[in-house]
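The primary structure of each chain is shown beneath.
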Amino acid sequence: MGKQTRYIFVTGGVLSSLGKGITSSSIATLLKHSGFEVSILKIDPYINLDPGTMSPLEHGEVFVTQDGAETDLDIGHYERFLNKSLEKKNNFTTGQVYLSVIEKERRGEYLGKTIQIVPHIVDEIKQRIKSVGEGSDFLVIELGGTVGDMEGMPYLEAMREMKHELGNDYVLSIHVTLVPYIKTAEELKTKPTQHSVQELRRIGINPQIIVARSEKPLSKDLKRKIALSCDVADNSVIVAQDAQSIYQVPLNFLQEDILTPIARHFSLPEFKPDMQEWNLLVKKIISPKTSVTIGFVGKYLSLKESYKSLTEALIHAGANLDAKVNIKWIDSEMLDQNSLSILKDLDGILIPGGFGERGIEGKIRAIQYARENHIPFLGICLGMQLSIIEFARNVLGIADATSSEFDPQTNSPLIYMIEDFIDQSGCQQIRTHTSPLGGTMRLGEYPCILKANSKLQKAYHGANSAKERHRHRYEANPKYREMLESAGMIISGESEGLIEAVELRDHPWFVAVQFHPEFTSRLQNPNPIILEFVHQSLKQRC
Ligand code: GLN
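In what follows, the accompanying structure is described. (Residues numbered from 1 in each chain as written. Predicted model: local features only at pLDDT ≥ 70, side-chain atom pairs only at ≥ 80, totals over all residues. Heavy atoms only, no water.)

## Describing the environment of E270
So the rule is basically this: Think of it this way: any DSSP run of H or I at least four residues long counts as a helix, any run of E at least two long counts as a strand, and we number them from the N terminus. Each residue gets one of three labels from its accessible area relative to the maximum for its type: buried under 20%, exposed over 50%, partly exposed in between, using a 1.4 Å probe on protein chains only.
Considering the arrangement of structural elements, one finds E270 in the loop between α10 (259-265) and α11 (276-286). Look at E270 and you get exposed, because its relative accessible area is 62%. Sequence spacing of E270 and Y155 is 115 residues, and the spatial spacing of their C-alpha atoms is 30 Å.

Pasting the structure below:
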């Protein structure tokens, strides 16, 4: 028998988008920095098996784990805060829970019983939670959605049962709510908090800590009022006022003394987190010495959430270089020949990943501009594919160069689809232009061999290989390799015969990669390529 894990459930009340993900990450970070082994789990109460097939407009970013799972973007926050890689099991959905139960039923594992939400679905949920917690001192569980949602009921029941089975000493409930400021009355209102706690209590859950999101500070009296009406201790109302940076939230929680009620609840001695290095990085985010402007040429600019990992990775790079990274958002669909002047004052140009044909011509124009004007450039995934297409069109003179993603019948498939491929677990898969979207991508971590003396290798401090994460269906076509190389494009990264990275010989810093470096960037451990890109852009300024 291993050690008994302590479970911290984080629920949300009143409305969504209260920052439960950042709250959960911040609590887990403080526990980790107090010397504990901490893991974290996100439960999504929707029916999709994973967010992989959802539109970015619907869901924001799809975060890819090392083991190739397409997960909720909160998993990205967890990794960035905890500075550790998580796995597929750290995020599950109602769809996955029902699928496992139905598969077990089909295999006859329930011995002829009628399958019901209680106990079968709830048991499956509890078993999944426990298996994620195994081996950790603490497991923080963030329950998606808002208390009162129909979809969330089985999870709240699982939480109640776990408390019943393990006892108060091993299960803690934290409820995140909103204390809105009503301008006309010039008052902060606690009623929504009271109502959402009542809703929890109706189903047998008494939260022990209330995290109150608010745009203004709460007076002592107001905190006491919440404590009294929600039946929590006076020191257990934690105010989460809007912060300048998400990375400041653990520090704010520490100031609100959140660790005292947590330690007391679990009957543990006082926690003493070491947040010195973290503090320093946050200072550099909030008051940096210098600044740099990066042009971000993308498609879903109306929903910046779909580029979350990348914008966070730029913040990490900035924090480590003591520079504010200003992002100039450039809608690729608007970028025609006449509007290229908006690229003029940029210190660096970045083309992120993407799917589909929309907006690609504008991106190709931006790439040509960066190449010809010697502006530091980073292309990611689709950004690398388009860099090759741009080079083929404008340097090699292959006017119709494209990707078979945009034209399956093209005569010049610089980017093509490998129909027969071996996935991360060593299984053979077949994909075609019409195969289903879910589960047919090259996903997760693969090693990339770095070319000696390349800019890419320099970024990785001279290493011979690097491991990065993927999420794509198409690949650079090796048929054109020699032509590209003889005209000055260097293949600087390779993985089992696949072209993983390219750069330009006659350019100060033009690097494009097939993988997504942003998925491995953390505040305390920025991704080397993104760090080097921002560093080169800073140099461009001077
Ligand atoms: N659409 C391209 C592909 O599937 C690139 C994907 C991406 O940028 N993530 O290969």
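## Comments concerning the pattern of salt bridges
Put simply, the test is: Salt bridges are counted wherever a side-chain nitrogen of Lys or Arg sits within 4 Å of a carboxyl oxygen of Asp or Glu.
The final tally for this structure, using the stated rule, is 35 salt bridges. In this structure, the salt-bridge partner of K104 is E124, at a minimum N-O distance of 2.7 Å. One end of the pair, K104, is in helix α4 (residues 94-106); the other, E124, is in helix α5 (residues 117-133), with 20 residues separating them in the sequence. The exposure class of K104 is partly exposed, given its relative accessible area of 21%. Taking relative accessible area as the criterion, E124 reaches 6% and is therefore assigned buried. Each of K42, D44, D72, D74 and E142 takes part in salt bridges that share partners, so that together they form one network.

## Things to note about the side chain of K363
Our working definition: Counting rule for charge: Lys and Arg are taken as positive, Asp and Glu as negative, and neither His nor the chain ends is counted. Contact definition: two residues touch when any of their heavy atoms are within 4.5 Å.
Structurally, the position occupied by K363 is in helix α13 (residues 360-372). Although K363 lies buried, it forms no salt bridge, and the closest oppositely charged side chain, D331, sits 8.5 Å away as judged by the N-O distance. What K363 contacts, discounting residues up to four positions off in sequence, is V297, G298, K299, S332, I351, L382 and L386.

## Structural notes on the nonpolar core
Using the following cut-off: The set of buried Ala, Val, Leu, Ile, Met, Phe, Trp, Tyr and Cys residues whose side-chain atoms join them within 4.5 Å is what this entry labels a nonpolar core.
Counting residues in each nonpolar core, the largest one holds 46 residues, and the members touching the most others are I8, F253 and I262. Sort the elements by how many residues they give to this core and helix α1 (residues 20-33) lands first, with five residues. With near-sequence residues (within four places) excluded, I262 lies in contact with I8, I27, L172, I209 and F271. Counting 40 residues, the second largest nonpolar core, distinct from the first, contains L346, I367, A370 and L504.

## As for the sheet that holds strand β14 (residues 348-351)
Where we set the bar: A pair of strands counts as paired when DSSP detects no fewer than two bridges linking them. For helices, the fitted axis covers only the stretch in contact; all axes are lines through C-alpha atoms, and the angles between them, taken along N-to-C directions, range from 0 to 180 degrees.
Within the open sheet, the nine strands sit side by side as β13-β12-β14-β15-β25-β24-β23-β20-β21. Their pairing is mixed. In this open sheet, the two edge strands, each paired with only one partner strand, are β13 (323-331) and β21 (465-472). Here the strands of the sheet are splayed against their neighbours by 25° on average, with no regard to which way each runs. The sheet contact formed by strand β20 (residues 442-450) and strand β23 (residues 489-495) spans two bridges and is antiparallel. Paired with L450 across the two strands is G493, which belongs to β23.

## A few points about the layout of surface pockets
Using the following cut-off: A pocket here means an open set of points on a 1 Å grid, computed over the protein atoms alone, that has protein on both sides within 12 Å along at least five of seven lines. A cavity is instead a set of points where a 1.4 Å probe fits but cannot get out; residues with an atom within 4 Å of a point line either one. Grid points are joined across faces, edges and corners, and a volume is the space filled by probe spheres set on the points. Nonpolar residues are Ala, Val, Leu, Ile, Met, Phe, Trp, Tyr, Cys and Pro. Charged residues are Asp, Glu, Lys and Arg, and all others, Gly as well, are polar.
Here the largest pocket defines a volume of roughly 840 Å³. What lines the largest pocket is a set of 35 residues, among which S16, S17, K42, D74 and E142 lie closest to the centre. At the level of secondary structure, the elements contributing two or more residues to the lining of the largest pocket comprise β1 (6-12), α1, β2 (38-44), α2 (56-59), α3 (73-82) and β6 (138-143). Broken down by class, the residue content of the lining of the largest pocket amounts to ten nonpolar, 14 polar and eleven charged.

## Quick look at the site of the ligand
Stated formally: One heavy atom within 4 Å of a molecule or strand is enough for the residue carrying it to be called near that molecule or strand. By the criterion applied in these results, polar contacts are pairs of N or O atoms within 3.5 Å in which, for protein atoms, one can donate a hydrogen and the other can accept it, and in which residues neighboring in sequence qualify only through two side-chain atoms. To measure how exposed things are, a 1.4 Å probe is used in the Shrake-Rupley method; for residues, cover is taken only from the protein chains shown. Pocket or cavity membership: a molecule qualifies when more than half of its atoms sit within 2 Å of the grid points of that site.
In the neighbourhood of the ligand, the contacting residues comprise G353, G354, F355, C381, L382, Q385, E405, R471, H472, R473, Y474 and H516. E405 places a side-chain nitrogen or oxygen 2.7 Å from a nitrogen atom of the ligand. Coverage of the ligand by the protein chains reaches 99% of its 300 Å² of free accessible surface. Judged by the fraction of its atoms near the pocket grid, the ligand is located in the largest cavity.

## What about empty space enclosed by the protein?
Going through the model one piece at a time under the given rule, you end up with two cavities of 30 Å³ or more. What the largest cavity holds in volume is close to 80 Å³. Residue lining of the largest cavity: G353, G354, F355, C381, L382, Q385, E405, R471, H472, R473 and Y474, and that is the complete set. At the level of elements, α14 (382-394) and β21 are the ones that each hand at least two residues to the lining of the largest cavity. Class assignment of the residues belonging to the lining of the largest cavity gives a composition of four nonpolar, four polar and three charged. Roughly 70 Å³ of internal volume is contained in the second largest cavity. Those elements giving two or more residues to the lining of the second largest cavity turn out to be α6 (153-166) and β7 (171-178). For the lining of the second largest cavity, the per-class residue count stands at four nonpolar, four polar and two charged.

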